[in-house]
Amino acid sequence: FKGFMTMVAVLKPGGEPLSTQPPISVLQMNSLRDPYLPYEGSSGSLSAEASILAWAEHNGCDLQPEVSGTDDLVFHRYPNCDDNVRVELVSSMPIPWPAECEQEWDICQQSGTQFYPPQGADCGFGHVIPRNLFPDGDLWQYSWDFLSGN
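From a predicted model like this one, the values you see are computed outputs, not experimental measurements. (Residues numbered from 1 in each chain as written. Predicted model: local features only at pLDDT ≥ 70, side-chain atom pairs only at ≥ 80, totals over all residues. Heavy atoms only, no water.)

**Q** Please set out the pattern of salt bridges residue by residue, giving values where relevant.
**A** What the rule picks out here adds up to two salt bridges. A salt bridge links E102 to R33, with the nearest nitrogen and oxygen atoms 2.8 Å apart. Within this pair, whereas E102 is found in helix α2 (residues 99–111), its partner R33 is found in the loop between β2 (25–31) and α1 (48–58), the two being separated by 69 residues in sequence. Residue class for E102 comes out partly exposed when judged on its relative accessible area of 21%. (Salt bridge = Lys/Arg side-chain N within 4 Å of Asp/Glu carboxyl O. Helix = DSSP H or I, 4+ residues; strand = E, 2+ residues; numbered from the N terminus. Buried < 20%, exposed > 50% of the residue type's maximum accessible area, 1.4 Å probe, protein only.)

**Q** For the state of the cysteines, give the residues involved together with the corresponding values.
**A** Applying the stated rule across the entire model yields two disulfides. Bridging C61 to C81, the disulfide has an S-S length of 1.9 Å. Handedness of the C61-C81 disulfide follows from its S-S torsion of about 105 degrees: it is right-handed. Highlighted residues: C61 in the loop between α1 and β3 (66–69) and C81 in the loop between β4 (73–78) and β5 (87–92), separated in sequence by 20 residues. (Disulfide = S-S within 2.5 Å.)

**Q** How would you sum up a nonpolar patch on the surface? Please name residues and give values.
**A** On the surface, Y36, F125 and V128 cluster together to form a nonpolar patch covering roughly 310 Å² of accessible area. Accessibility expressed as a relative area gives 42% for F125, which makes it partly exposed. (Patch = residues over 30% accessible without salt bridge, like charges linked within 9 Å, V, L, I, M, F, W, Y side chains within 5 Å. Areas by Shrake-Rupley, 256 points an atom, 1.4 Å probe, with all protein chains shown as cover.)

**Q** Can you explain the confidence of the model for the protein chain? Please cite residues and give values.
**A** Averaged over all residues, the pLDDT of the protein chain equals 90, while 99% of them reach at least 70. When the elements of the protein chain are averaged for pLDDT, helix α3 (residues 139–148) gives the smallest value, 88, and α1 the largest, 97. (pLDDT = per-residue confidence, 0-100.)

The following block contains the structure:
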């Protein structure tokens, strides 16, 4: 394998890559507002950023990511990895995500309760990555280019 891509997935505590495994490119995509697999992690999972950092460490990358993007789509790229592999976290907001959704999200995060959209509000779906946020509106081409080394 040249690399792999995960969508809305993180590592479990103790599930970090083994030192005996060779370097491999990793593209990890997570929603910033996922009610099922929290970006911030949980008792059964590392956060999205801790998960990708484990891959950056494993691959001998610089541990300070280069961060770019917008409020809706953020790229964390870890440079200078061993064997020219690439390590990147792409984080996105659900589309649409109006203010009333953010307010309810904050309340649920503070109280530790499950997020449910406010009645009548369209809060997108937080467990997917909106493909239209990517350059040329094509998440799959972006992924293919990453895994192809472009």
